[in-house]
Amino acid sequence: MTLATDLRIEAVLPARAGVGLKGEHVPDILASRPDVGFFEVHAENYMEAGGAPHRHLEAIRRDYPLSLHGVGLSIGGAGPLDRDHLARLRKVADRYEPGLFSEHLAWSTHDTTYFNDLLPVPYTEATLALVTAHIDEVQEVMGRQMLLENPSTYVAFAESTLSETAFLREIVRRTGCGLLLDVNNVHVSATNHGWSAETYLADFPLAHVREIHLGGHAPDIDDDGLPLLIDAHDRPVDQEVWRLFALVANRLGPLPTLIEWDNDVPAWPVLLDEARSAERILTAAARREPRRAFG
């Protein structure tokens, strides 16, 4: 059963800190009604018609706005989009009226094979045309703007002819989509490829950012003995990511900002503390004028 719209608070996401909703936290959330800006859910977890996940999400949606985050569209895949998957995605969005909807600049399917990972794409004119066509299709079917998330990457393609920031800028120009800036992904990619995160952010089309993601990463070492970061979402936000986030917030002012913690999920108070840390940075940024540039 779908809730009537007038029983819910507004769908618009406030420029506050939000948290990725996990089933194990629902009892604590419903009991305490914590002061968080919004919750974000992975759309694929709610594509079945009913059951406990929907009962829980309906209860959450009465009191909080939602952001809907997809992980299975394979926007960068070489083949056509899965129309059945896209139709199910539309049903979830219609049912819960998210304030924002986002997907990844990545691919995860080939023919009939699904890979349980978000794989990178080369930044070429051919890929640009493909991704643009897919985003146009998604936005037409969904009837709403899609946000595209910058990836975390571990390899670079020799055939790339565009920088990642130029690629994203051109996608926005062609499709009218928005951007989801994952600050942890920026730090992970910068470390893995040996470039400056601040230089990347200075060239990022920040005017089109509608949501920010923050998460934890796992440190490792590559085959050459150099630092390697894995976008693991299994621990607190790193101090360098907090620093970069503060730079972005000071530049743009407050935006909806999500704490992602998808693996080794902690107790609810731990996740809530992370959101409160993000909220403090957003509050400080709201008081700061003028905005500072990067570099």
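Here, every reference points to the structure presented above.
Overview of the structure. Computed from a predicted structure; not experimentally measured.

1. Let's talk about the sheet that holds strand β8 (residues 178-182)
In a beta sheet, neighbouring strands pair by backbone hydrogen bonds and run either parallel or antiparallel. Pairing is parallel in the closed barrel, where eight strands are placed in the order β1-β2-β3-β4-β7-β8-β9-β12. Across this sheet, the average inter-strand angle for adjacent strands is 30°, counted without regard to direction. Here β8 pairs with strand β9 (residues 209-215) via four bridges, running parallel. Residue L181 lies in a different strand from β9, and its bridge partner there is I212.

2. Quick notes on the packing of helix α3 (residues 83-96) against helix α4 (residues 125-142)
Where α3 contacts α4, the axes come no closer than 9 Å and their chain directions differ by 45°. Judged by the angle between their axes, α3 and α4 are oblique. In this structure, α3 meets α4 at a crossing whose hand is right-handed. Along the contact surface, α3 presents R83, L86, L89, R90 and A93, while α4 presents E137, V138, V141 and M142. Class assignment for the residues of the contact of α3 with α4 results in six nonpolar, no polar and three charged.

3. Some points on the pairing of β9
Most of β9 sits inside the fold, with six of its seven residues counted as buried. With four bridges joining them, β9 and strand β12 (residues 257-260) adopt parallel strand pairing. Bridging across to β12, I212 finds its partner in T257.

Thresholds applied
Within each chain, residues carry numbers counting from 1 in the order of the written sequence. Reporting in this predicted model follows two pLDDT cut-offs: at least 70 for local features of residues, and 80 or more for side-chain atom pairs to be given and counted; totals over whole chains, interfaces and linings ignore these cut-offs and use all residues. Think of the side-chain values as coming from all heavy atoms in the structure, minus any hydrogens and water. At least two bridges found by DSSP between two strands are what make those strands a pair. Secondary structure counts use DSSP, requiring at least four H or I residues in a row for a helix and at least two E residues in a row for a strand, with both numbered from the N terminus. The axes are straight lines fitted to the C-alpha atoms, using for helices just the contacting stretch, and the angles between their N-to-C directions are given from 0 to 180°. Oblique is the label for any angle not covered by the other classes, which are roughly parallel (under 35 degrees), roughly antiparallel (over 145) and roughly perpendicular (65 to 115). Rotating anticlockwise by less than a right angle from the far helix to the near helix defines a left-handed crossing, while the corresponding clockwise rotation defines a right-handed one. Working rule for contacts: check all heavy atoms of both residues, and any pair within 4.5 Å makes them a contact. Lys, Arg, Asp and Glu make up the charged group, whereas Ala, Val, Leu, Ile, Met, Phe, Trp, Tyr, Cys and Pro make up the nonpolar group; the residues left over, Gly among them, are polar. Here's how the labels work: a residue is buried when its accessible area is under 20% of the maximum for its type, exposed when over 50%, partly exposed in between, all with a 1.4 Å probe on protein chains only.

Function cannot be inferred from these measures alone, as they are strictly geometric.
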